[in-house]
Amino acid sequence: MSYTGEMVAVVAAAALIIPIAATVSMARTAASVGKAAVDASREAARNARLNQASRELEKFTHKADALENEMQSKMDEAMAECYAEYTHSVQELAEICQKEPDTAAFAAGCRQAQKKLCQEMAEKRNTLERETISGIRQEMQVCQQVLAQERREMQASMERIAEEEARRERAGELARNTLAQTAQLLADLQLRCGDSEWGKAACETCRLAQEHAEQTLAQGLTEAALSQAYALNDAILQHVREHMERECRTMRLYADCTAMLAQLREMQKEEIVHYTFRETCSGKEREMEINDFPRYYRGAWEELQQETARMAQQLEGTSACDFAPEHLMELQDAMGAWQERFLQETGLAYERLHNLLLRRETAKLLVKRYTDEGYVLIPLTEEDKAVSDLDCRIIRLAHAETGERLYLRLNAEPDADGHIVMNIGIEDHTEYEGNFFEVERARAKERETNCELLRQSNVGKQLQLRHRCTNPGVRDTYQMP
């Protein structure tokens, strides 16, 4: 007669360290990666200013640039404080979880810490942005007032010229000088913000206006050309001011998104991992190089790669000024959620790897026990061979003298919390003697013997073991906790 039962082996708290350690590591590196991305964005902006073809634009923007630089320094300090507090919070959560294992509480705590980090960064960023943008507008307004005063004085001196021809020649001279200045300003604008889609559009609008004013001047309409040159000059300075405001609002957000993308890509390079397995039959640690780690994600690896590539498409070939702050914040939230998903899937992948190695060692112990009792291994069926080793390890045994058969299925199964546990299904065809209760006691003793075998071995030192009868219609009086 066939009897069925099972043994369930749950990995104790030590195995939970892997996903927790990954989270702590990410928290520790987030600040440095974020700072590197911010520094790169700022360096690009600084080089754009330094590389201005004529430096004509700097006459109008040097005070506003100083304000922006000051804001970025203050932003660095504020963000460093936020990241330090976040890292400390995650470290505390990890220490608590290692003492009192509760991965659900740990994950919830990490989400709350991440939410607090984003809120605090947003508040400090918004305060600094408002102050800096207000200062930039004031400085640029002062520059334009000075420029307007100079124009009024030149206009007045031109109007004092009585002869119309001479006045027209003076207007032409002023128009040529102003258009020469706008050409330099336009070249500087191109270098400063022409990498962004917004900047390209602004530069193209100004270029067309420059050509139109030059054509007007070539037609001898000097006063009209001068008016157009003044308007173009004002338009360029307006675009510069808008560009600086956009930088204030988006540079840090853009750098944060770039940093998170870099983190995701770095995390997804781990196709080969080195793993130390300690629960061996021999008791000796085994250092392993896992060359195909993505397979332990069970399809999630490819999904994660595809989503990261989709996010990268939104950022690659762009600059901060191409985005509205709201768009970048949405992208940042999406990347944060994806990082959390990646950590969860990575934790499960390591659990599957550990479970696979654990089932192999457990199989060695059980096979030795039964072969010592007179059983021999018999061939697996084709259906058995088709089962993935990530799902199940199947052992078929037959007693050499009686022919009684015993089938073991060492399964990898998710528990109620989603963690991977080892479930050993037992199909026992042994003919036990005695009445129903005596048979049940004998079968329970067999399961307990297997559990005790594991408990006394190096393989089972981190396992919480229980067993029960699964025979249909049998009340499991002998289930062991």
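Residues numbered from 1 in each chain as written. Predicted model: local features only at pLDDT ≥ 70, side-chain atom pairs only at ≥ 80, totals over all residues. Heavy atoms only, no water.

(A) Layout of unusual backbone geometry. Non-glycine residue arginine 298 carries a positive phi angle of around 55°. On the secondary structure map, arginine 298 appears in the loop between strand 3 (286-290) and helix 7 (300-315). With a relative accessible area of 39%, arginine 298 lands in the partly exposed category. (Helix = DSSP H or I, 4+ residues; strand = E, 2+ residues; numbered from the N terminus. Buried < 20%, exposed > 50% of the residue type's maximum accessible area, 1.4 Å probe, protein only.)

(B) Fine view of the pattern of salt bridges. Counted under the stated rule, the structure contains 33 salt bridges. Of the charged contacts, one joins arginine 341 and glutamate 345 as a salt bridge, the two residues approaching to 2.9 Å between their closest N and O atoms. Note that arginine 341 and glutamate 345 are positioned in helix 8 (residues 325-372) at a spacing of 4 residues, about one turn of the helix. The buried category is assigned to glutamate 345, whose relative accessible area is 13%. A salt bridge links glutamate 373 to arginine 369; its shortest N-O distance comes to 3.0 Å. Using a relative accessible area of 11% as the deciding quantity, one classes arginine 369 as buried. Each of Arg137, Arg241, Glu245 and Arg249 takes part in a single network of salt bridges with overlapping partners. (Salt bridge = Lys/Arg side-chain N within 4 Å of Asp/Glu carboxyl O.)

(C) Fine view of the packing of helix 4 (residues 164-193) against helix 5 (residues 197-218). Between helix 4 and helix 5, the least distance of the axes is 10 Å, while the angle of their chain directions is 165°. Here helix 4 is positioned roughly antiparallel relative to helix 5, judged by the angle of their axes. Seen along the crossing, helix 4 lies across helix 5 with a hand that is left-handed. Contacts from Gly172, Ala175, Arg176, Leu179, Thr182, Ala183, Leu186, Leu189, Gln190 and Cys193 of helix 4 reach helix 5 at Trp198, Gly199, Lys200, Cys203, Cys206, Arg207, Gln210, Ala213, Glu214 and Leu217. (Axes fitted to C-alpha atoms, helices over the stretch in contact; angles between N-to-C directions. Parallel < 35°, antiparallel > 145°, perpendicular 65-115°, else oblique. Left-handed = near helix turned anticlockwise from the far one by under 90°. Contact = heavy atoms within 4.5 Å.)

(D) Just the nonpolar core, in detail. If you look at the biggest cluster of nonpolar residues, it comprises 37 residues, and the most contacted ones within it are Leu189, Ile236 and Val240. Of all the secondary structure elements, the ones that give two or more residues to this core are helix 2 (58-99), helix 3 (103-159), helix 4, helix 5 and helix 6 (222-267). Residue contacts for isoleucine 236: discarding those within four places in its chain leaves Thr182, Leu185, Leu186, Leu189 and Cys206. Residues Met260, Ala300, Leu304 and Leu353 belong to the second largest nonpolar core, which totals 35 residues. (Core = buried A, V, L, I, M, F, W, Y, C linked by side-chain atoms within 4.5 Å.)

(E) Spotlight on the pairing of strand 6 (residues 405-414). Sheet analysis places strand 5 (residues 392-399) next to strand 6, joined by 7 bridges and oriented antiparallel. Its bridge partner lying in strand 6, alanine 398 is registered against arginine 405. Once strand 5 ends, the chain turns through 5 residues before running back antiparallel as strand 6, passing glycine 403 with a positive phi of about 80°. As paired strands, strand 6 and strand 7 (residues 420-428) are joined by 9 bridges and run antiparallel to one another. Opposite leucine 406, over in strand 7, you have aspartate 428 as the bridge partner. Linkage of strand 6 to strand 7, two consecutive antiparallel strands, is achieved through a turn of 5 residues, within which glycine 418 is found at a positive phi near 90°. (Pairing = 2+ DSSP bridges.)

(F) How the structure looks around the packing of aromatic side chains. For the coordinates displayed, the defined rule picks out 10 aromatic pairs. Centre to centre, the rings of tyrosine 297 and phenylalanine 342 are 6.0 Å apart; their planes meet at 40°, and the pair counts as tilted. Of the two residues, tyrosine 297 is situated in the loop between strand 3 and helix 7 and phenylalanine 342 in helix 8; the sequence distance between them amounts to 45 residues. Judged by relative accessible area, tyrosine 297 falls into the buried class, the value being 3%. Directly above the aromatic system of tyrosine 296 lies the positively charged group of arginine 295, at a separation of 4.9 Å from the ring centroid. Here the guanidinium or amino end of arginine 396 rests over the ring plane of tyrosine 407, the centre of that ring lying 4.3 Å away. (Phe/Tyr/Trp six-rings, centres within 6.5 Å; stacked < 30°, edge-to-face > 60°. Lys NZ or Arg CZ within 6 Å of the ring centre and 35° of its normal.)

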